[in-house]
Amino acid sequence: MTTITIPPNTKQILLQNKPESRTITLKKDSHLEYIMSFKNSHPEEKSIVTFELDEENAHVEIFGLFTGKDSDSIKFETRTIHKADNTYGHTTVRTMLKDGAVSDYFGLIRIEKNTKGTDGHLSHDAMLLSKQAKSKSVPSLEIEANDVKAGHSASVGQVDEEAVFYLRSRGLSENQARELMIEGFFEELLGKISDENTAQRVRTQLHQSLN
Amino acid sequence: MPTKQQSQITGELANYKYGFKVEEKYQFKSGKGLTEETVRLISEHKKEPRWMLDFRLKAYKIFMEKPMPTWGSPLLKEVNFENIHYYIKPTDRKSRSWEDVPAEIKNTFDRLGVPQAERKFLAGVGAQYESETVYHSLQKHLEEKGVIFVDTDTAVQKYPDIVRKYFATVVPPRDNKLAALNSAVWSGGSFVYIPRGVHVELPLQAYFRINAENAGQFERTLIIAEEGSSVHYTEGCTAPIYATDSLHSAVVEIIVHRGARIQYTTVQNWSKNVFNLVTKRAIAHEDATMMWLDCNIGSKLTMKYPSIYLRGRGARGEILSIAFANRDQHQDAGGKIYHLAPDTSSIINAKSVSTGGGRTSYRGMLHIAEGAERSRSRVTCDALLLDHDSSTDTYPTMQINENNVAVAHEATVTKISEEQLFYLMSRGLSEQEASNMIVNGFLAPLIKEFPMEYALELNRLIALEMEGSIG
């Protein structure tokens, strides 16, 4: 288990590209952009990444971008624990699975007693590109304070056929249209990463792992 | 410390509107605790056929072997199986007309506020007093159509073929420890059989009560809707005050055949010392529709997740769930839907309100099996927190094993905003009235799905619960 502390008044971007359990503690007025993109090295492995928003105004933006093919397994948890006033934690996870790949995601937002002005959100979208792919997700909330903005959303689906049809009507081949859709699924998140180099690294990695 | 807590709970219950108790007059009451002897005694007392006794004994063994669930509410540890009466039989005779119902029992229903006109109007009233149904009335035209609406004990004697065909096929005793317990000691509950093509226009109603200190209530309900038929079954329950904890553990099994429709509506308002641990499950065949409308206001702890197995192509399932948790209460509710066939669709819509330090949890399962192509599902959970002592959890599991599907899930947690309150109060409402109105508005989309008399009762109950919860 790796532990990381984000000191007060600092701003950081971290990329986790290997499976590993970590605890990350955020101090007062710290700002973290955390990008996760990896797959398990063996099926039973599970990475639990915990974000402890320990002090006021701690702010974390978590992006998870995951792809799986063949018999890949992606098993991970994110836990965002709001322990102080005016903390912010948004988690956006996207999973794309091909062949017989499986993903198992448990995401938790926990808002502890006597905190005020917390803002917690979690969303998970999964795209299944084959019949054998399987996705399990549990986006959970544990809320013990009422001055909160908290929620989550999740969706599971496949490539939007209407959009593919539209792209084909514009002269793209079926394959081109599908590739574009698959790219777009992640591009929406990649565009939110503030550091272009990091975004590019993740983009390359995603392409390699899908093809 | 425990003494203090007890007096606090009693203090709370002192204000409990429906918390009255009629003097007990029982013909037979088993001792506390559960032994194989008790199970045999229950079966003997009911003059049951051999197969049912064997079923009970098998279930008893499973109950003894199975551990208590380790998930769910921490309050579950407080359930003490040794401290419960497993069987109580109030009177021997079953009444056919309202006049024949013993005065004491009538009194119970009078105080529940079931209007006389309504009793006559409604298709049938199965009133569960203690562990046995004592009163059953079914309108003549329903009987003529071949509809069966009796208590399950009577069904075992009178309709053994149908009972044997379906009993425990939806919820087997092995399902969980509490289902095994119910299977071993069940008593009462409703048996409803709707023949092919018959539509029951009026809701079938059953009122439930627990009325002896530590009385276990283990009713067993079985509803079968044959091809193309439809029925709406409703149950509401209120219970008197007890000094010690009480357990209610029902099993409800539903089979919706091809093209049929069943709606099952519950208003749960047990007194606040009852552990309400219930297994409810339905199987929907081809093009069938199942709807659970589940409202939990009472009890100390409720753990109940009505389930629907969409087994036939084109089957539809809908679960609407309302939970209201006040002080010392935990409503751990939700719903489960299993898409096991192509072209199936489902909706889960859950709304919860926590106040006075109460806790609500939504626990859900949405499962789409491989090959259940073109399944669609939408799950929505909204929680409203009225103060900073209350809490809410959401644990929705989505297991998707098929790619040609559309699944969406959404959850929100909100509080009553100062702005909303300020606006309403500027219009001359008190803070209490304003809060009531906001809570009403929050729950309204689900409450309007209830039959009118239930919707009215629900709004009254919620207003009652809201008293003193603000400020």
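Residues numbered from 1 in each chain as written. Chains lettered and ligands numbered in written order. Predicted model: local features only at pLDDT ≥ 70, side-chain atom pairs only at ≥ 80, totals over all residues. Heavy atoms only, no water.

1. A look at the overall build of chain A
Stage number 1. Scanning chain A for helices and strands turns up 3 helices and 12 strands.
Stage number 2. Out of the 211 residues in chain A, the part that is buried amounts to 53%.
Stage number 3. Counting contacts in chain A only where the partners sit at least 6 residues apart, residues at least 24 apart contribute 73% of the total.
Stage number 4. Looking at chain A as shown, the accessible area adds up to about 9000 Å², and 47% of this sits on carbon and sulfur atoms.
Stage number 5. Charge separation in chain A, taken as the distance between the mean sites of 26 positive and 32 negative side-chain charges, equals 2 Å. (Helix = DSSP H or I, 4+ residues; strand = E, 2+ residues; numbered from the N terminus. Buried < 20%, exposed > 50% of the residue type's maximum accessible area, 1.4 Å probe, protein only. Contact = heavy atoms within 4.5 Å. Areas by Shrake-Rupley, 256 points an atom, 1.4 Å probe, with all protein chains shown as cover. Lys, Arg positive; Asp, Glu negative; His and termini not counted. Charge placed at Lys NZ, Arg CZ, Asp CG, Glu CD.)

2. Quick look at the overall build of chain B
Stage number 1. Each helix and strand in chain B was counted, giving 12 helices and 23 strands.
Stage number 2. In chain B, which comprises 471 residues, the share counted as buried stands at 64%.
Stage number 3. Expressed as a percentage of contacts within chain B between residues at least 6 apart in sequence, the contacts between residues at least 24 apart total 85%.

3. Focus: the environment of B:Ser229
Residues and elements named next belong to chain B.
Stage number 1. Looking at the element boundaries, Ser229 is found in the loop between strand 8 (220–225) and strand 9 (230–238).
Stage number 2. The exposure class of Ser229 is buried, given its relative accessible area of 1%.
Stage number 3. Separated by 27 residues in the primary sequence, Ser229 and Val256 have C-alpha atoms spaced 8.8 Å apart.
Stage number 4. Excluding anything up to four places from it in sequence, Ser229 contacts Ile194, Pro195, Gly197, Val198, His199, Gly259, Ala260 and Arg261.

4. Section: the pattern of salt bridges
Stage number 1. For the structure on display, the rule yields 44 salt bridges over all chains.
Stage number 2. A salt bridge links A:Arg168 to A:Glu174; its shortest N-O distance comes to 2.9 Å.
Stage number 3. In the salt-bridge network here, residues are joined through shared partners; they are A:Lys131, B:Arg313, B:Asp343, B:Glu373, B:Arg374 and B:Glu402. (Salt bridge = Lys/Arg side-chain N within 4 Å of Asp/Glu carboxyl O.)

5. Observations regarding the interface of chain B and chain A
Stage number 1. With 32 residues of chain B at the contact, the number on the chain A side is 31 residues.
Stage number 2. Summed over the three residues of chain B that lose the most area to chain A, namely B:Met398, B:Asn403 and B:Val413, the buried surface amounts to 22% of that side.
Stage number 3. Taken together, the links from chain B to chain A amount to 4 salt bridges.
Stage number 4. Residues B:Glu370 and A:Lys134 are paired through a salt bridge, measuring 3.2 Å at the closest nitrogen-oxygen approach.
Stage number 5. At the junction of chain B and chain A, the tally comes to 18 residue pairs in polar contact (both at pLDDT 80 or more). (Buried area = accessible area lost by both parts, 1.4 Å probe. Polar contact = N/O pair within 3.5 Å; in protein donor to acceptor, adjacent residues only side chain to side chain.)

6. Digging into helix 12 (residues 452–466) of chain B
Stage number 1. The end-to-end C-alpha separation of helix 12 of chain B is 21 Å, in line with the 21 Å expected for 15 residues at 1.5 Å each.
Stage number 2. Listed as buried for helix 12 of chain B are B:Tyr454, B:Ala455, B:Glu457, B:Leu458, B:Leu461, B:Ile462, B:Glu465 and B:Met466. (Expected span 1.5 Å × (residues − 1).)

7. Some remarks on the packing of helix 1 (residues 161–169) of chain A against helix 2 (residues 174–190) of chain A
Residue and element names in this part refer to chain A.
Stage number 1. Look at helix 1 against helix 2: their axes get within 9 Å of each other, and the N-to-C directions meet at 125 degrees. The angle between helix 1 and helix 2 places the two elements in the oblique class. Viewed along their axes, helix 1 and helix 2 form a crossing whose handedness is right-handed. Within the contact between the two elements, helix 1 uses Glu161, Ala163, Val164, Leu167 and Arg168 and helix 2 uses Glu174, Ala177, Arg178, Leu180 and Met181.
Stage number 2. Residue composition of the contact of helix 1 with helix 2, grouped by class: 6 nonpolar, no polar and 4 charged. (Axes fitted to C-alpha atoms, helices over the stretch in contact; angles between N-to-C directions. Parallel < 35°, antiparallel > 145°, perpendicular 65-115°, else oblique. Left-handed = near helix turned anticlockwise from the far one by under 90°. Nonpolar A, V, L, I, M, F, W, Y, C, P; charged D, E, K, R; others polar.)

8. Focus: the pairing of strand 12 (residues 261–269) of chain B
All names here are of chain B.
Stage number 1. With 8 of 9 residues buried, strand 12 is to be regarded as a mostly interior element.
Stage number 2. One ladder, built from 8 bridges, connects strand 12 with strand 14 (residues 289–296); its direction is parallel. Residue pairing in the sheet places Arg261 in a bridge with Thr289 of strand 14. (Pairing = 2+ DSSP bridges.)

9. Some remarks on unusual backbone geometry
Residues and elements named next belong to chain B.
Stage number 1. Phi at Ser299 takes a positive value of approximately 75 degrees, unusual for a residue other than glycine.
Stage number 2. If you trace the backbone, Ser299 turns up in the loop between strand 14 and strand 15 (301–304).
Stage number 3. Phi is positive for Asp343, which is not a glycine, with a value near 60 degrees.
Stage number 4. Within the fold, Asp343 resides in the loop between strand 18 (330–339) and strand 19 (345–354).
Stage number 5. Residue classification places Asp343 among the partly exposed positions, given a relative accessible area of 25%.

10. What to know about the side chain of A:Thr78
Residue and element names in this part refer to chain A.
Stage number 1. Looking at the secondary structure, you find Thr78 in strand 7 (residues 73–82).
Stage number 2. Side chain to side chain, Thr78 and Tyr105 meet in a polar contact 2.7 Å long.
Stage number 3. The residues contacting Thr78, other than those within four sequence positions of it, are Met36, Val49, Thr91, Tyr105, Phe106, Gly107 and Leu108.

11. Some points on the packing of helix 2 (residues 36–45) of chain B against helix 3 (residues 50–65) of chain B
Residue and element names in this part refer to chain B.
Stage number 1. At a minimum axis distance of 10 Å, the contact between helix 2 and helix 3 shows a crossing angle of 155 degrees. One element, helix 2, and the other, helix 3, form an angle in the roughly antiparallel class. Where helix 2 crosses over helix 3, the two elements pack in a sense that is right-handed. In this structure, helix 2 contributes Glu36, Val39, Arg40, Ile42 and Ser43 to the contact, and helix 3 contributes Leu53, Arg56, Leu57 and Tyr60.
Stage number 2. Considered class by class, the residues forming the contact of helix 2 with helix 3 number 5 nonpolar, 1 polar and 3 charged.

12. Description of helix 2 of chain B
Residue and element names in this part refer to chain B.
Stage number 1. By the burial criterion, the buried members of helix 2 are Thr38, Val39, Ile42 and Ser43. Taken down its axis, helix 2 places every buried residue within 135 degrees of arc, on the same side. Counted as exposed and oriented over 90 degrees from the buried face of helix 2: Glu37 and Glu44.
Stage number 2. Elements in contact with the buried residues of helix 2: helix 3 and helix 9 (177–185).
Stage number 3. Lys47, located one to two residues past helix 2, shows a positive phi value of around 50 degrees. (Arc of directions from axis to C-beta.)

13. Digging into the packing of aromatic side chains
Stage number 1. Taken as a whole and assessed by the stated rule, the structure comprises 16 aromatic pairs over all chains.
Stage number 2. Consider the rings of A:Phe38 and A:Phe66, whose centres lie 5.2 Å apart with planes at 85 degrees: the pair is edge-to-face. Pair noted here: A:Phe38 is in the loop between strand 4 (31–36) and strand 5 (47–53) and A:Phe66 is in strand 6 (residues 59–68), with a separation of 28 residues, a long-range link.
Stage number 3. The class of A:Phe38 is buried, set by a relative accessible area of 5%.
Stage number 4. Through pairs of rings, three or more aromatic residues link up here, namely A:Phe38, A:Phe66, A:Phe76 and A:Tyr105.
Stage number 5. Between A:Arg94 and the ring centre of A:Phe185, over which it is positioned, the NZ or CZ distance is 5.1 Å.
Stage number 6. Between B:Lys351 and the ring centre of B:Phe442, over which it is positioned, the NZ or CZ distance is 4.5 Å. (Phe/Tyr/Trp six-rings, centres within 6.5 Å; stacked < 30°, edge-to-face > 60°. Lys NZ or Arg CZ within 6 Å of the ring centre and 35° of its normal.)

14. A short note on the environment of B:Ala383
Residues and elements named next belong to chain B.
Stage number 1. Mapping Ala383 onto the fold places it in strand 21 (residues 375–385).
Stage number 2. A relative accessible area of 4% places Ala383 in the buried class.
Stage number 3. For the pair formed by Ala383 and Asn83, sequence separation is 300 residues and the distance between their alpha carbons is 35 Å.
Stage number 4. Residue contacts for Ala383: discarding those within four places in its chain leaves Ser352, Thr392, Thr412, Val413, Thr414 and Phe442.

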